[in-house]
Amino acid sequence: MSGATVSVWNVSRSYEKARALSDVSLEVSGGELFGIIGPDGAGKTTLFRILATLLVPDAGSAMLDGLDTVNDYRAVRDRIGYMPGKFSLYQDLTVEENLSFFATVFGTTIEENYHLIADIYRQIEPFKKRRAGALSGGMKQKLALSCALIHKPRVLLLDEPTTGVDPVSRREFWDMLAKLKAEGITILVATPYMDEAERCDRIALMQNGSFLTIDTPAGIRASFDLPLYAVRSDSMFSLLADVRSFPGVESCYAFGDSHHAAFENGCVDPATLAAHLAGKGHTNVEIKKIDAGIEDCFMRFSTRGVSEERKGENR
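It should be emphasised that the depicted structure is a prediction, and the values quoted were computed from it without experimental measurement. (Residues numbered from 1 in each chain as written. Predicted model: local features only at pLDDT ≥ 70, side-chain atom pairs only at ≥ 80, totals over all residues. Heavy atoms only, no water.)

The sheet built from four strands is open, its strands ordered S12-S13-S11-S14 with antiparallel pairing. The open sheet has two free edges, formed respectively by strand S12 (249-255) and strand S14 (286-289), since each of these has just one partner strand. Pairwise comparison of adjacent strand axes, ignoring direction, gives a mean angle of 25° for this sheet. The sheet contact formed by strand S11 (residues 228-232) and strand S13 (residues 258-263) spans four bridges and is antiparallel. Each bridged residue has a counterpart across the sheet, and for Tyr-229 the counterpart in S13 is Ala-261. Contacts from helix H8 (residues 236-244) reach S11, S12 and S13, with the element oriented near 165° to S12. (Pairing = 2+ DSSP bridges. Helix = DSSP H or I, 4+ residues; strand = E, 2+ residues; numbered from the N terminus. Axes fitted to C-alpha atoms, helices over the stretch in contact; angles between N-to-C directions. Contact = heavy atoms within 4.5 Å.)

Shown next as structure tokens:
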């Protein structure tokens, strides 16, 4: 991708014998809102720490705004705003003191870049004399974002910013990111929440230190290549195993109030499946064809290699 603001080339990183990142590469263009989606332990935090110049990769390289994260680490730090997964501001300082401190560190003032944080800071300004450690989760999040923005960074790195935050605050946070994107700031956000992927321009699905795929949310959903059905009955616990035992079922996982079953192409017959489940003692069986979501695609990508390997063993 030409004009990339963030570039990662074949980066690997291990902690003793544990492999955190394995040959990952990506490019993020200027002004893009890019999401890295994956469960805990996928390698998201390690990648963000490398981009924030806090870790050195074992192999490969990364650049932000044309600067190498190792050789030009001091200059990189002037251009990024970093919000780690764990609240890391000074708990004994007040809201106002934390913000003033970070503005001073970067050689600016609150007044100079107040327009960037105005919508966010107004929500916590009534508590500006309160110590940061006494804030709620949502207010801590807003303060951390304000401190990360106060020097007008070119790139914003947000590592699981909505983890442990209530749904209303999560929605408000993503609304704030949309406004920051409109200011031309390049945003990378890591999250374990699949539903948040829909708010991004592009996403990378990540597991076990590697990217499974990189595309737009719509592109990833469109890549789901199997018939998918939502299945319910009065006995959801035993239903999971009974659907999986049906011939032609590629995979079946619990999703909220139903199980999502993917069938091998040409093998799906809802009426036959319903009869199979009735024979297993299930009542009030519901089978409905559905479109795949991001979480369905994540499960498909993460298990595709295993499924193909098993098929090879059975040939």
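A few words on helix H6 (residues 167-182). Look at H6: 23 Å from first C-alpha to last across 16 residues, which is about the 22 Å you get at 1.5 Å a residue. Those residues of H6 that sit buried are Ser-169, Arg-170, Phe-173, Trp-174, Met-176, Leu-177 and Leu-180. Along the long axis of H6, the arc covered by the buried residues comes to 155°, so they all point the same way. For H6, the exposed residues lying more than 90 degrees away from the buried face are Pro-167 and Ala-182. Where H6 begins, the side chain of Asp-166 points an oxygen toward the backbone nitrogen of Val-168, at a separation of 3.1 Å. Where H6 ends, the next residue or the one after it, Gly-184, has phi of about 90°, a positive value. (Expected span 1.5 Å × (residues − 1). Buried < 20%, exposed > 50% of the residue type's maximum accessible area, 1.4 Å probe, protein only. Arc of directions from axis to C-beta. Polar contact = N/O pair within 3.5 Å; in protein donor to acceptor, adjacent residues only side chain to side chain.)

The final tally for this structure, using the stated rule, is one cavity of 30 Å³ or more. Each pocket or cavity is described by its volume, and for the largest cavity that value is around 70 Å³. The wall of the largest cavity is formed by Phe-224, Leu-228, Ser-251, Tyr-253, Phe-255, His-260, Ala-262, Asp-296, Met-299, Arg-300 and Thr-303. Broken down by secondary-structure element, the contributors of at least two residues to the lining of the largest cavity are S12, S13 and helix H10 (294-314). (1 Å grid on protein atoms, 1.4 Å probe; cavity = no way out; pocket = protein on both sides within 12 Å on 5 of 7 lines; lining within 4 Å. Points joined across faces, edges and corners; volume = space filled by probe spheres on them.)

This part covers a nonpolar patch on the surface. Together, Tyr-90, Phe-101 and Val-105 give the surface a local cluster of nonpolar side chains, amounting to about 290 Å² of exposed area. In this structure, Tyr-90 sits in the loop between strand S6 (80-83) and helix H3 (95-105). (Patch = residues over 30% accessible without salt bridge, like charges linked within 9 Å, V, L, I, M, F, W, Y side chains within 5 Å. Areas by Shrake-Rupley, 256 points an atom, 1.4 Å probe, with all protein chains shown as cover. Salt bridge = Lys/Arg side-chain N within 4 Å of Asp/Glu carboxyl O.)

Another aspect to go through is the side chain of Thr-46. Along the chain, Thr-46 turns up in helix H1 (residues 44-51). On the basis of relative accessible area, Thr-46 is assigned to the buried category, the value being 8%. Residues in contact with Thr-46, not counting those within four places in the same chain, are Arg-13, Tyr-15, Ala-20, Leu-21 and Leu-55.

It is worth spelling out the pattern of salt bridges at this point. Two side chains carrying opposite charge are able to pair once their charged atoms lie near each other. The full count for this structure, using the stated rule, is 16 salt bridges. Asp-65 serves as the salt-bridge partner of Arg-154, at 2.8 Å between the closest nitrogen and oxygen. With Arg-154 in the loop between helix H5 (137-149) and strand S7 (155-159) and Asp-65 in the loop between strand S4 (59-64) and strand S5 (67-68), this residue pair connects regions lying 89 residues apart in the sequence. Overall, Arg-154 belongs to the partly exposed group, its relative accessible area being 45%. Residues joined by salt bridges that share partners form a network here, namely Asp-65, Arg-79 and Arg-154.

Mapped onto the secondary structure, Ser-210 falls in strand S10 (residues 210-215). For Ser-210, a relative accessible area of 24% puts it in the partly exposed group. Setting aside anything within four residues of it in sequence, one finds Ser-210 in contact with Ser-22, Val-24, Ala-42 and Leu-205.

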